[in-house]
Amino acid sequence: MAQIALTAMMLTGPATDTQQLDTLRQSAVEYALNFRGVPYSWGGDDAEGGFDCSGLVIEVLKSVGAFPRKMDETANSLYQRYSAHTVTTPYLGCLVFWGRSTERIRHVEIAISPWQSVGASGGGSKTKTRQDAVEQNAFVKTRPIYSGRGAAPVAIVDPMQEI
């Protein structure tokens, strides 16, 4: 599906209408969900070696043409890149950020609904191997955006508005 959306975008040019953007959002989320179960790996940016939170998000954004092919960024710099496209409620394909503030973003995931997101989580800087990920229950998974434990997101952005 992601390939179909990307091909359609290449044939018609940049996504300019709501239907095209919705197709890209759907493709991005479907692609992200395919990675559920892939181990978390600090600094990871592929399914073979594992993903960290920003590595997964960047791979997904690249798949729909919303991120340059040769770049890499942290969760904090992803927020800085897309902060002009802040929204108040998460929806399909939005990036959801957690941290102490918008100046200190520590984690990013992709919204799959207003209530759930998919992301590489559960690990940290010491999660470097598959065995580390297994021991820490760290992998790509879906989780509630609002957990009720005080860990509300600090920002939500729509990166597809950049296309």
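Owing to the predicted nature of the structure, the values given are computational and were not obtained by experimental measurement.

Looking at the protein chain as a whole, its pLDDT mean stands at 89, while 88% of the residues score no less than 70. Scored below 50 in pLDDT, residues 1–12 shows 18 contacts in the model against residues more than four places distant or in partner chains.

Moving on, we get to the pattern of salt bridges. Scanning all chains against the criterion turns up three salt bridges. For R25, the salt bridge goes to D158, with nearest N and O atoms at 2.4 Å. Pair noted here: R25 is in helix α2 (residues 18–33) and D158 is in the segment after β7 (155–157), with a separation of 133 residues, a long-range link. Here R25 matches D158 in class, with each residue buried. In this structure, the salt-bridge partner of R81 is E73, at a minimum N-O distance of 2.9 Å. On the basis of relative accessibility, which here comes to 28%, the residue R81 falls in the partly exposed class. Residue E73 is classed as buried on the basis of its relative accessible area, which comes to 12%. Connected via shared salt-bridge partners are D22, R25 and D158.

What counts and what doesn't
- Residues numbered from 1 in each chain as written.
- Predicted model: local features only at pLDDT ≥ 70, side-chain atom pairs only at ≥ 80, totals over all residues.
- Heavy atoms only, no water.
- pLDDT = per-residue confidence, 0-100.
- Contact = heavy atoms within 4.5 Å.
- Salt bridge = Lys/Arg side-chain N within 4 Å of Asp/Glu carboxyl O.
- Helix = DSSP H or I, 4+ residues; strand = E, 2+ residues; numbered from the N terminus.
- Buried < 20%, exposed > 50% of the residue type's maximum accessible area, 1.4 Å probe, protein only.

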